[in-house]
Amino acid sequence: MNSTFGFMDIIIMVSGAYLVYVAVQMKRTGEITSSAIIGKGYDIKKAKDPKGFIDYMYLKSIVMGVLVILSGALDYMNEIYWNLPYFSLIMCGVFLVAIIIYCKISMDAQKKYLSPK
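Definitions and cut-offs
Residues numbered from 1 in each chain as written. Predicted model: local features only at pLDDT ≥ 70, side-chain atom pairs only at ≥ 80, totals over all residues. Heavy atoms only, no water. Helix = DSSP H or I, 4+ residues; strand = E, 2+ residues; numbered from the N terminus. Buried < 20%, exposed > 50% of the residue type's maximum accessible area, 1.4 Å probe, protein only. Contact = heavy atoms within 4.5 Å. Areas by Shrake-Rupley, 256 points an atom, 1.4 Å probe, with all protein chains shown as cover. Lys, Arg positive; Asp, Glu negative; His and termini not counted. Charge placed at Lys NZ, Arg CZ, Asp CG, Glu CD. Expected span 1.5 Å × (residues − 1). Axes fitted to C-alpha atoms, helices over the stretch in contact; angles between N-to-C directions. Parallel < 35°, antiparallel > 145°, perpendicular 65-115°, else oblique. Nonpolar A, V, L, I, M, F, W, Y, C, P; charged D, E, K, R; others polar. Salt bridge = Lys/Arg side-chain N within 4 Å of Asp/Glu carboxyl O.

1. Some words on the overall build of the protein
Then step 1. The helix and strand tally for the protein stands at 3 helices and 0 strands.
Then step 2. Helices and strands appear in the protein in the N-to-C order α-α-α.
Then step 3. Summarising its shape, the C-alpha atoms of the protein cover approximately 50 × 25 × 20 Å along the three principal directions.
Then step 4. Expressed as a percentage of its 117 residues, the buried residues of the protein come to 31%.
Then step 5. Within the protein, contacts between residues separated by at least 24 positions form 78% of all contacts whose residues are at least 6 apart in sequence.
Then step 6. Of the roughly 7,600 Å² that the protein leaves accessible, carbon and sulfur atoms contribute 69%.
Then step 7. Considering the protein, the positive charge centre built from 12 side chains and the negative charge centre built from 8 side chains are found 12 Å apart.

2. Quick look at the side chain of D9
Then step 1. Considering the arrangement of structural elements, one finds D9 in helix α1 (residues 3-29).
Then step 2. In this structure, D9 is in contact with G72, D75, Y76 and E79, ignoring residues within four places of it in sequence.

3. What about helix α3 (residues 87-113)?
Then step 1. Here α3 is 27 residues long and its end C-alpha atoms lie 38 Å apart, about the 39 Å a rise of 1.5 Å per residue gives.
Then step 2. If you check which residues of α3 are buried, you get F87, M91, A98, Y102, S106, A109, Q110 and Y113.

4. Some points on the packing of helix α2 (residues 50-82) against α3
Then step 1. Between α2 and α3, the least distance of the axes is 10 Å, while the angle of their chain directions is 170°. Regarding the angle of α2 to α3, the classification is roughly antiparallel.
Then step 2. Looking at the contact of α2 with α3 residue by residue, the class counts come to 17 nonpolar, 7 polar and 2 charged.

5. As for the pattern of salt bridges
Then step 1. As enumerated under the stated definition, the model contains 3 salt bridges in all.
Then step 2. The salt bridge involving D55 is made with K51; its shortest N-O contact spans 3.1 Å. Taken together, the residues span about one helical turn, with D55 and K51 both in helix α2 at a distance of 4 residues.
Then step 3. With relative accessibility at 54%, the residue K51 sits in the exposed group.
Then step 4. The residue K104 makes a salt bridge to D108 at a minimum N-O spacing of 3.0 Å. Highlighted residues: K104 and D108, both in helix α3, separated by 4 residues, approximately one helical turn.

6. Some words on unusual backbone geometry
Then step 1. In this structure, N83 takes a positive phi of about 55° despite not being glycine.
Then step 2. Within the secondary structure, N83 is located in the loop between α2 and α3.

Below, the structure written as structure tokens:
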């Protein structure tokens, strides 16, 4: 097992768990407090519908966080137990596609809900 990739898989899993945490916190408090889910160009104080953004992004962020956790966990398991050829490359491709889709959804939601009033 290459310890560098094992460490990166753990970092990926922690990142996914953090995304789930941020989504749950947003839903629970009704406030967007983390820059992990919005871009720098959006001022929450001037947003036209932060609650709409939270409602729209909540489930999508949970799903993305779980996919990120699974991606890291499966790659880690492959390194330790399975050693399937090209598995890491396939997981990287799936992970990249999921991130691109999530970023597109998030950017559209930011434009729709967080643009100034």
